Amino acid sequence: MSPAQKHKPLEAMILAAGRGERMRPLTDTVPKPLVPVRGAPLIEHHIRKLVAVGVRRVIINVSYMAETLIAALGHGERFGCDLIYSVESSPLESGGGIATASVHFQSDAIILVSADIYSDLDYASLLPRVSAIENGQIQSHFVMVAPTAGEPGGEFAVGADGRVHMGQPRMTLANIAVLATAPSRTWPRGERFKLLPYYQQIVEAGVVSGEVFSGVWKNVTTAADIDFLDAAQAASN
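Going along each chain's sequence as written, the residues are numbered from 1 onward. Given that this is a predicted model, residues contribute local features only at a pLDDT of at least 70 and side-chain atom pairs are listed and counted only at 80 or more, while totals for whole chains, interfaces and linings are drawn from all residues. Side-chain descriptors were evaluated using all non-hydrogen atoms of the structure, hydrogens and water having been removed beforehand.

Caption draft 1: Up close: unusual backbone geometry. In this structure, the amide linkage connecting Gln168 to the following residue, Pro169, adopts the cis form with an omega of -5°. For Glu93, which is not glycine, the phi torsion reads 65° and is therefore positive. Secondary structure elements follow DSSP: runs of H or I no shorter than four residues count as helices, runs of E no shorter than two count as strands, and numbering proceeds from the N terminus. For Glu93, the position within the fold is in helix α4 (residues 93–101).

Caption draft 2: Geometry of helix α5 (residues 127–134). Turning to α5, its buried residues number three or more, namely Val130, Ala132, Ile133 and Glu134. Downstream of α5 by one or two residues, Gly136 has phi in the positive range, about 80°. Burial classes: relative accessible area under 20% of the type maximum marks a residue as buried, over 50% as exposed, and values in between as partly exposed (1.4 Å probe, protein chains only).

Caption draft 3: Just the pairing of strand β6 (residues 109–114), in detail. Most of β6 is tucked away: 6 of the 6 residues are buried. Neither face of β6 is left uncovered, since the one carrying Ala109, Ile111 and Val113 and the one carrying Ile110, Leu112 and Ser114 both have all their residues buried. Criterion used throughout: strands pair if DSSP finds at least two bridges between them. Pairing geometry for strand β1 (residues 11–15) and β6, over 5 bridges, is parallel. For Met13, the partnering residue across the bridge sits in β6 and is Leu112. Taken together, the 5 bridges between β6 and strand β11 (residues 172–180) define a ladder with antiparallel strand orientation. Along β11, the bridge assignment pairs Leu112 with Ala177.

Caption draft 4: Broad picture of the sheet that holds strand β5 (residues 82–87). Strand order across the open sheet formed by 7 strands is β5-β4-β1-β6-β11-β8-β12, with mixed pairing between neighbours. A single partner strand is all that each edge strand has here, and the edge strands are β5 and β12 (208–212). For this sheet the average axis-to-axis angle between neighbouring strands, irrespective of direction, equals 20°. Summarising the sheet, β1 and strand β4 (residues 57–62) pair through 5 bridges and their orientation is parallel. When the sheet's bridge partners are listed, Ala12 is paired in β4 with Val58. Helix axes are fitted to C-alpha atoms over the stretch in contact, other axes to C-alpha atoms as well, and angles between N-to-C directions run from 0 to 180 degrees.

Caption draft 5: Highlighting the pattern of salt bridges. Between Lys or Arg on one side and Asp or Glu on the other, a salt bridge is scored when a side-chain nitrogen of the former is within 4 Å of a carboxyl oxygen of the latter. With the rule as written, the count across this model stands at 7 salt bridges. Of the charged contacts, one joins Arg78 and Glu44 as a salt bridge, the two residues approaching to 3.0 Å between their closest N and O atoms. Here the residue Arg78 occupies a position in the loop between α3 (66–73) and β5, and Glu44 occupies one in helix α2 (residues 42–52), the gap between them amounting to 34 residues. Residue classification places Arg78 among the partly exposed residues on the basis of a relative accessible area of 45%. Look at Glu44 and you get buried, because its relative accessible area is 9%. Between Glu93 and Arg192 there is a salt bridge, with the nearest N and O atoms lying 3.1 Å from each other. You can see Glu93 sitting in helix α4 and its partner Arg192 sitting in the loop between β11 and α6 (196–204), a full 99 residues away along the chain. Among the residues examined, Glu93 registers a relative accessible area of 28% and is labelled partly exposed. Look at Arg192 and you get exposed, because its relative accessible area is 55%. In this structure, a network of salt bridges that share partners links the residues Glu44, Arg48 and Arg78.

Caption draft 6: Highlighting the side chain of Asn61. Relative to the elements of secondary structure, Asn61 occurs in strand β4. Pairs of residues are marked as contacts when any of their non-hydrogen atoms sit within 4.5 Å. Those residues in contact with Asn61 that sit more than four places away from it in its chain are Met13, Ile14, Leu15, Ala16, Ala17, Ser86, Glu88 and Gly97.

Encoded structure:
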């Protein structure tokens, strides 16, 4: 790693622009990232875990009830980091959201997390992947989980060599990743598009590492998902 790279801030982006339709009527009055799960707003779990491993800049894309979300979180003073907001007049999907937020990126790699998942993954495990991207060894790193019955998923497989490929058995993207920032700087800003086609492209190029995570992970899409996580925590205490 060059001296210049060593002084670049450790950054993350949290995708938080979605409407949360399946969680209505709860999300009629509060943006989904602020819905309380296990004693704190969903997005705060991510922010605090990221700060705990040294992240000092967190870019958050916002759209639905953006002012409410920004007012609740502030600009990072109480978390010990800088919170930078990329405001979308209407949600731009994951690809468009990252492309539009790329004007705020100061590093060669970002930790990317969706606000609407809950996980006990230790984000410190992602730090070597940040270094691997900075050193040109990989272009991305995906955290994968076992498919959930009745839910979409099963996008890619992880080989014995730790590389992600298109084979079997297919695992599900956990919506936790580390991405090189250079490609996103060339994508169209302010346009709505998905991230998956880019993922497919780089997986086929063989430049993506991956891991299968078997700890607590939940895609929080309904009020029942919140109840499940809260009940599981209560049972473990």
